[in-house]
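# Structural features, examined
Chain by chain, the residues:
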Amino acid sequence: MKITGWIFDVYAVDGGMRLWMIDAQGRKHRLLDPFSPAFYIGGAPAAVRPLVTFLSRLNLPLEITRTEGIEFYSGKTIPVTRVRTTNPIHFTKVARWCTSTAVQPEGSGISLYNCDLSLPQLYFFKRDLFPLAYCEVEVDPSGTIQAIVLLDSRWQTDYTTPPLVTMILRMEGGSLRPDQTGPRRLEVTIDGRTACLEADDEAGLIDRFDRLLLRHDPDLILSEWGDPYLLPRLIAMAKKKRFPLLLNREPDTGVVTRRERSYFTYGQVVHQAQAHLLLGRWHIDLHNSFLVDHTELEGLFEFARLSKIPVQQMARTTTGTGITSMQMDLAFQDGILIPWRKQESEAFKSADQLLLTDKGGLTYAPKLGFHEEVAELDFASMYPALMARYNISPETINCPCCPDNLVPEIGHHLCTKRRGLIPRFLEPFLAKRAAYKRLKKTTTDPELKARYDARQSALKWGMVTTFGYQGYKNARFGKIEAHEAITAYAREKLLQAKELVEAEGFEMIHAIVDSLWIKKQGTTEADYEALADRISKVCEIPIAFEGIYRWVLFPPSRSDREIGVPNRYLGVFRNGEVKVRGIEARRGDTPPFIRAAQTEMIACLSQAKNREEYEALLPQVEAIREAYRERLKARQVSFWELAISKTISKSPAQYQKDSLTAIVAKELAGRGVRLSPGESISYVITDSKARVKSDRARALGFIDGSWGFDAEKYESLLTQAAEILFPSPPDQLRQRKLLP
DNA sequence: AAAGTACGGGG
DNA sequence: GTGTACGTACTTT
């Protein structure tokens, strides 16, 4: 029998991989693909022998043979021992034995390869398939797969996805985490109908929920707070009532959980809630997924397809893990042995070399205040473009064969003989993103446009982390020297561009890492396009002309009014598009009320064509501020509009200072809400100067009519948000006695 | 004044 | 189970 459809889910079961397919009619097919994954042991025969002896005594169906593979860093073919587990359910266990220090003590001279990949990854790598791939499968009557023909490609931009029956699971009203508010009802939406289930009748709730599951058999359970709250409670209720809860499609299995964790990334603590993964069905928590949060399901599907990580797992992991998986796949297809963990340490550097290499991106201070007719030029995806152009990769940096191909400023050199894994990974990745950006521009259908935009945005995050991983000491395919080479080239390019435009008589208003703001009287858009082409030629990577601002404003730093801040500005392009960076309207911790006020003021100012018109509009901006102030005074603002959301960086008890965030985190903890670093809380400022600290702010979810808000405090936030829009150089401020 | 805390940026 | 920079702004003590 032949089945044509999309690969929906893959996981290991006794005797093979369970493969779920969904066809165009929405029928689900539960299939089995026998699969024998392998890992490899390298090292001197004398060192490997004891491990092989140990493995052969395990009394498990293993196949141990001698073979060869390519060592990643040297590119040389080396002899290795292949350990194949005939039944995939033994793989992880056996591989873990080998990696455990008991079996492989430090300094044993053994190297392990391909041993720490998940089974779906190994399966997809080996079969050259991927999640959501459209294919034709030949199965025998028992449902065992005989052959799979791929009718799809990961590099296709116009792929289709299977029809999915979706159940939406959330608590009634609001998007706050359920335990951060009072009791509410459970809302189950499926097939266009919503059922509300009362939480106090546990047996009834579980019974009704189970019946909905059985009747509709959803492929996807899309939840709000399903991971940290809804699913654990449903599962616990079912257990208490001894009621079978049929969350999985795979019979006689439990829900797979993964522990919650908090980790630090890019200077911020991130919290990943406990995961609840289903078998043969997807559970995706909208609030527990970086990718879904930033790029919707569309971006998640794109990443799952490219990375070969199943959808549910991809939803809960980082884009860094996704791009690493893509790089491992590329290596796998080339017969490269995938190193178990990073083995190379940072090469020695002298003190003065350290100073040169650790500089990172180049940043200038912008010329303060209001500017007309400024053009912006941006190097497109600068860091990935540099990696691709200069062959920057962990195995090509400081190779033994090309000591003369030097990186600017620093002593590193790059390989000219072997194309690196990272550049090879980036080429199709960059091309696919460019294709989506093109499609987004040329498509008129708004739905398609949004889809292409979500996908290109997902790929953007992949590129950002590709660079970031080079500087991360535990990255599988990263090396700090490669990171340094990238930033060294980036500084060189920005300097070259700066010199070129200044030589041509342009005034530089601002420059930062990969962007330039410049002006010269009478320069047309065509002139700027031509200028961008000249810079691209000189710099060997593309720079794009973003547009001409009617006006752009670089407000002064609040700590030093003489200087500007690199990443705080607002401007309006000739086509009316507003660009805002760093100010209140862009920040995640600005209350919706203040955000709305500032956004409205900026929209008003965006009509101005020049400084004169801008200043003429300032009274209108004042009027907008006044209207918002009136609403505060009349107390016609909801708590929701005044809520401030913050990510807590530590558990409530660890706070040393009683900031409003700490006060509210402690209030919530007192109400029995478990809060981990990286989770967010929302609060309203009730009385910022109150003696009793707990009266200063209250958690949004528990605040009631007996509380008021601190109108004065919100008014000062409003004033701040407005004042930044008033352009005045320091000397004028002095004249007006606003500065000493 | 110093220390603690949180945010952005990437399109 | 994988990005620990860096500068700014604001608060508390």
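In this text, all values refer to a predicted model and were calculated from it rather than measured experimentally.

### Some points on the overall build of chain A
Looking only at helices and strands, chain A has 20 helices and 27 strands in total. Since a compact globule built from 740 residues should have a radius of gyration of about 27 Å, the 29 Å found for chain A is in line with a globular shape. With respect to the three principal axes, the spread of C-alpha positions in chain A is 90 × 75 × 55 Å. Buried positions account for 51% of the 740 residues belonging to chain A. A fraction of 66% describes how many contacts in chain A between residues 6 or more apart in sequence connect residues 24 or more apart. As displayed, chain A offers around 33,700 Å² of accessible surface, 51% of which is attributable to carbon and sulfur atoms.

### Overview of the pattern of salt bridges
Here the idea is simple: oppositely charged side chains can pair when their charged atoms come close. Inspection of the entire model under this criterion finds 52 salt bridges. Counted as one network, the salt bridges with shared partners bring together Lys-28, Asp-217, Asp-219, Arg-249 and Arg-281.

### Side note on the protein's contact with DNA strand C
As a structural note, the neighbourhood of DNA strand C is formed by 29 residues, with Arg-261, Tyr-266, Thr-465, Tyr-472 and Ser-557 the closest of them. The sugar-phosphate share of atoms of DNA strand C within 4 Å of the protein amounts to 65%. With respect to DNA strand C, the side chain of Thr-317 contributes an N or O atom lying 3.2 Å from a phosphate oxygen. Within the side chain of Ser-559, a nitrogen or oxygen atom sits 3.0 Å from a phosphate oxygen of DNA strand C. Of all elements in the fold, only strand S15 (261-265), helix H8 (319-333), helix H12 (446-470) and helix H19 (711-723) reach the threshold of two or more residues within the surface near DNA strand C. Take the surface near DNA strand C: its biggest share by element is 4 residues, from S15.

### Let's talk about the protein's contact with DNA strand B
In the vicinity of DNA strand B, 25 residues are found, and the nearest of them are Arg-586, Gly-588, Ser-649, Lys-650 and Tyr-655. Put simply, 76% of the atoms of DNA strand B that lie within 4 Å of the protein are in sugar or phosphate. Here a phosphate oxygen of DNA strand B and a side-chain polar atom of Arg-581 are 3.2 Å apart. Contact between DNA strand B and Lys-657: a base nitrogen at 3.4 Å from a side-chain N or O atom of the residue. When residues of the surface near DNA strand B are traced back to their parent elements, those giving at least two are helix H11 (421-442), H12 and strand S25 (644-647). Considering every element that reaches the surface near DNA strand B, the biggest residue donor is H12, with 4 residues. Taken together, the residues of the surface near DNA strand B break down into 5 nonpolar, 9 polar and 11 charged.

Thresholds applied
- Residues numbered from 1 in each chain as written.
- Chains lettered and ligands numbered in written order.
- Predicted model: local features only at pLDDT ≥ 70, side-chain atom pairs only at ≥ 80, totals over all residues.
- Heavy atoms only, no water.
- Helix = DSSP H or I, 4+ residues; strand = E, 2+ residues; numbered from the N terminus.
- Rg over C-alpha atoms; globule rule 2.2 N^0.38 Å.
- Buried < 20%, exposed > 50% of the residue type's maximum accessible area, 1.4 Å probe, protein only.
- Contact = heavy atoms within 4.5 Å.
- Areas by Shrake-Rupley, 256 points an atom, 1.4 Å probe, with all protein chains shown as cover.
- Salt bridge = Lys/Arg side-chain N within 4 Å of Asp/Glu carboxyl O.
- Near = heavy atom within 4 Å.
- Polar contact = N/O pair within 3.5 Å; in protein donor to acceptor, adjacent residues only side chain to side chain.
- Nonpolar A, V, L, I, M, F, W, Y, C, P; charged D, E, K, R; others polar.

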